[in-house]
Amino acid sequence: KVTKMSEMVGSFRVVLFCPEHLSLIQGGGDLRRSFLNLALSQLRPLYLQSLQRYNKILKERNKLLKLAKDDPETFSATEPMWSAQLAHEAAVITDHRDRYVQLVNDAVRVSFADMTGDREVPELTYVNSLKVTGDALRDREAVERRYLELLSTRHDSEIAAGATLYGVHKDDIAVTLNGRPARLYASQGQQRSLALAMKLAEGELCRRLGGGEMPVFLFDDVLSELDAHRRAYLMSRMEGRQVIMTACDPTAKEMACGSVRTIRVTDGAYSDVS
């Protein structure tokens, strides 16, 4: 018996690509954090458990910060416990995310080069509250100590904000193109190519890190948001993979590689037309 949704995560691996994901580059950090969380949770059950604990602790610590002005004694007595637990989970999550982003970066470069003829160089870097990169993020004990230091010494600013200001809930992925921030300097077409490359990279890493089996790809009306070149590239990469796609364009079937079963939906009624 499955009692929690988290027990199902990773049992059936899926890569979802929908119009919202085309804003991965230009949108806010919450979209890129969601990209990391969903991808890693399918591959690493321990990551999902750590993320769930982190979010629960964060919620309790934020409540404590909001009440700190009216009840400073309770804050002083309990804050060290919440901060220590939050710092521990933050170190675990940071390690997983940094390693994954490095792998995504390599895979994105390959896909982006295929789409653009290897004329431009993208780079993805994990950005964290500690403002450190590289091997320093792999030392979980050092990262935990640094987070605990921040959480234990910046109470005034956090109480004023009524929220935790340091932690992995603030992290992001910096995406550059030829060394310049892609969200500011890349064209809309370039941004969409980068977003597409990120989702394809997610699928490739799901196969590579998940035992060699390809995930199922779910495309939710994404073709209408891509130009002809990117549509053709996306469909060319789907050969030999299981894909479930929704589309309003009747020519979508002709763009697909291999055998395709088409189901037409009209006013809620389904009919098999292939």
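The rules behind each value
- Residues numbered from 1 in each chain as written.
- Predicted model: local features only at pLDDT ≥ 70, side-chain atom pairs only at ≥ 80, totals over all residues.
- Heavy atoms only, no water.
- Helix = DSSP H or I, 4+ residues; strand = E, 2+ residues; numbered from the N terminus.
- Buried < 20%, exposed > 50% of the residue type's maximum accessible area, 1.4 Å probe, protein only.
- Contact = heavy atoms within 4.5 Å.
- Areas by Shrake-Rupley, 256 points an atom, 1.4 Å probe, with all protein chains shown as cover.
- Lys, Arg positive; Asp, Glu negative; His and termini not counted.
- Charge placed at Lys NZ, Arg CZ, Asp CG, Glu CD.
- Axes fitted to C-alpha atoms, helices over the stretch in contact; angles between N-to-C directions.
- Parallel < 35°, antiparallel > 145°, perpendicular 65-115°, else oblique.
- Left-handed = near helix turned anticlockwise from the far one by under 90°.
- Nonpolar A, V, L, I, M, F, W, Y, C, P; charged D, E, K, R; others polar.
- Pairing = 2+ DSSP bridges.
- Phe/Tyr/Trp six-rings, centres within 6.5 Å; stacked < 30°, edge-to-face > 60°.
- Lys NZ or Arg CZ within 6 Å of the ring centre and 35° of its normal.
- Patch = residues over 30% accessible without salt bridge, like charges linked within 9 Å, V, L, I, M, F, W, Y side chains within 5 Å.
- Salt bridge = Lys/Arg side-chain N within 4 Å of Asp/Glu carboxyl O.
- Expected span 1.5 Å × (residues − 1).

Caption draft 1: Local environment of the overall build of the protein. Each helix and strand in the protein was counted, giving nine helices and eight strands. A burial count over the protein gives 44% of its 274 residues as buried. Contacts in the protein between residues far apart in sequence, at least 24 positions, make up 71% of those at least 6 positions apart. Put simply, the protein shows about 14700 Å² of open surface, and 51% of that area lies on carbon and sulfur atoms. Taking the average location of the 37 positive side-chain charges in the protein and that of its 37 negative ones, the two points are 1 Å from each other.

Caption draft 2: Fine view of the side chain of S41. Of note, S41 is situated in helix α1 (residues 29–43). Discounting chain neighbours no more than four positions away, the residues touching S41 are V9, Y47, L48 and L51.

Caption draft 3: How the structure looks around the environment of F217. Turning to its location among the elements, F217 is positioned in strand β5 (residues 216–220). Look at F217 and you get buried, because its relative accessible area is 1%. Counting along the chain gives 27 residues from F217 to I244, while the straight-line C-alpha distance between them is 6.3 Å. Filtering out sequence-adjacent residues up to four positions away, F217 remains in contact with V15, G203, M238, R241, Q242, V243 and I244.

Caption draft 4: Here's a closer look at the packing of helix α3 (residues 72–116) against helix α7 (residues 188–209). Between α3 and α7, the least distance of the axes is 8 Å, while the angle of their chain directions is 125 degrees. The orientation of α3 with respect to α7, classified from their angle, is oblique. Along this stretch, α3 crosses α7, giving a crossing that reads as right-handed. Here Y100, L103, V104, A107, V108, S111, F112 and M115 of α3 lie close against α7, whose contacting residues are Q190, S193, L194, L196, A197, M198, L200, A201, E202, L205, R208 and L209. Here the contact of α3 with α7 is composed, by residue class, of 15 nonpolar, three polar and two charged.

Caption draft 5: Here's a closer look at the sheet that holds strand β4 (residues 180–181). Taken in spatial order, the three strands line up as β2-β3-β4 in an open sheet, and their pairing is antiparallel. What marks the edges here is a single partner per strand, and that holds for β2 (122–127) and β4. Note that β2 and strand β3 (residues 172–177) share six bridges and pair antiparallel. The partner of V127 across the bridge, within β3, is D172. Set on the sheet, α1 makes contact with β2 and β3; between it and β3 the angle comes to about 105 degrees.

Caption draft 6: Here's a closer look at the sheet that holds β5. Reading across from one edge, β1-β5-β6 is the order of the three strands in this open sheet, with parallel pairing throughout. Only two strands of the sheet have a single neighbouring strand rather than two, namely β1 (14–17) and β6 (243–246). Recorded for the sheet is a direction-independent mean angle of 10 degrees between the axes of neighbouring strands. Looking at chain direction, β5 and β6 are connected through four bridges and run parallel. Looking across to β6, one finds that F217 is bridged to V243. This element, α7, spans β1 and β5 of the sheet and lies at about 170 degrees to β1.

Caption draft 7: Spotlight on the packing of aromatic side chains. In total, this model carries two aromatic pairs according to the counting rule given. Seen from their ring centres, F17 and F219 are 6.1 Å apart, and the 75 degrees between their planes marks the pair as edge-to-face. Pair noted here: F17 is in strand β1 and F219 is in strand β5, with a separation of 202 residues, a long-range link. An aromatic cluster of three or more residues is present, and its members are F17, F217 and F219. Lying across the ring of Y185, R180 places its NZ or CZ 3.9 Å from the centre.

Caption draft 8: Quick look at a nonpolar patch on the surface. A contiguous nonpolar surface patch, about 390 Å² in accessible area, is contributed by V2, M5, M8 and V9. Along the chain, V9 falls in the segment before β1.

Caption draft 9: Local environment of α7. Under the 1.5 Å per step criterion, the end-to-end length of α7 is 31 Å for 22 residues, consistent within 8% with the ideal 32 Å. Extensive coverage of α7 is indicated by the burial of 17 of its 22 residues. Phi turns positive, to about 100 degrees, at G211, one or two residues after α7.

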